[in-house]
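Inside the fold
Given next are the chains, with one letter for each unit.
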Amino acid sequence: MLDKVMNLNNWHAFINIIGEAGYINKAQIASSNAVVFSYVLYLIGKYDYNVDAVRLKKCISKWFFMSAITYFYTGSTESEVEKQFADLRDVHNSNEFVAYIDKVIDTRFTDDYYNFALPSELNSAASISPAWNGYVAAQIVLNTPMMFSTTPVSKYFILGTSGTKNAIDKHHIFPKNYLTKIGYSTDRDRNQIANFTYLDYATNIEISDKPPVQYVDEYRNTLGEEEYVKVCEEHALP
């Protein structure tokens, strides 16, 4: 198995699969365990169950997104991996392998996850958030333009660009100074993940500390009503 793990063709194919899930920059990866153990699962699907390449790519792409965003390999990693290997003893062919993957994903992406766990994480001020990374990955997959821009978010994360630090900024939708003025004095309230979006550097500077009631109308008029509605939908804005 070691020769398969060390095979660069396998590794490059797997990295491409992560890209299919929207994770195209190392800054988006909060858990190295998700990368390592998803790679192992990819190799198992390829060599032990002979899942065809197209089906395996789709399968592992969904798996990596799930494992990255739900902390699947965080905590008692060994126990989770051992349980997975034990489960796979009852899997005998490619169809059963794919069905097993889909079943585990469904047990994680439940109504409770979307209604309680995910909103709770977005309501936090954590500096590293798989939910935030998943949101950005989804925008990359959907080829979503950056807010108030026609340039896709993905452009700023592709290797070889000028780098995310100067090209884009993580912007407070409700600016910190504005929130302070209306009574929100702690970073716990001002830095909630749901209050962030990426903006290009120039737009971020231009908005500065303007309240949304002011700067949103300015971009709404510039974009036109149809594009404005589309921006709201694609960026999950009310």
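Located above this text is the structure these notes cover.
The structure presented is a predicted model; accordingly, all values stated were derived computationally and were not measured.

**Some points on the overall build of the chain**
Across its full length, the chain carries 14 helices and two strands. Each of the three principal axes of the chain carries a C-alpha extent, and together these read 60 × 35 × 30 Å. Buried positions account for 42% of the 238 residues belonging to the chain. A fraction of 72% describes how many contacts in the chain between residues 6 or more apart in sequence connect residues 24 or more apart. Roughly 13300 Å² of accessible area belongs to the chain as shown, and the carbon and sulfur atoms make up 54% of that amount. Averaging the positions of the 21 positive and the 28 negative side-chain charges in the chain gives two centres separated by 4 Å.

**Brief notes about unusual backbone geometry**
With a phi close to 50°, Asn-50 is a non-glycine residue in the positive phi region. For Asn-50, the location among the structural elements is in the loop between α3 (32–48) and α4 (53–69). Residue Asn-50 is classed as exposed on the basis of its relative accessible area, which comes to 60%. Positive phi, normally seen in glycine, also occurs at Ser-208, with a value near 50°. Counting through the fold element by element, Ser-208 comes out in the loop between α12 (201–207) and α13 (212–223).

Parameters and conventions
Residues numbered from 1 in each chain as written. Predicted model: local features only at pLDDT ≥ 70, side-chain atom pairs only at ≥ 80, totals over all residues. Heavy atoms only, no water. Helix = DSSP H or I, 4+ residues; strand = E, 2+ residues; numbered from the N terminus. Buried < 20%, exposed > 50% of the residue type's maximum accessible area, 1.4 Å probe, protein only. Contact = heavy atoms within 4.5 Å. Areas by Shrake-Rupley, 256 points an atom, 1.4 Å probe, with all protein chains shown as cover. Lys, Arg positive; Asp, Glu negative; His and termini not counted. Charge placed at Lys NZ, Arg CZ, Asp CG, Glu CD.

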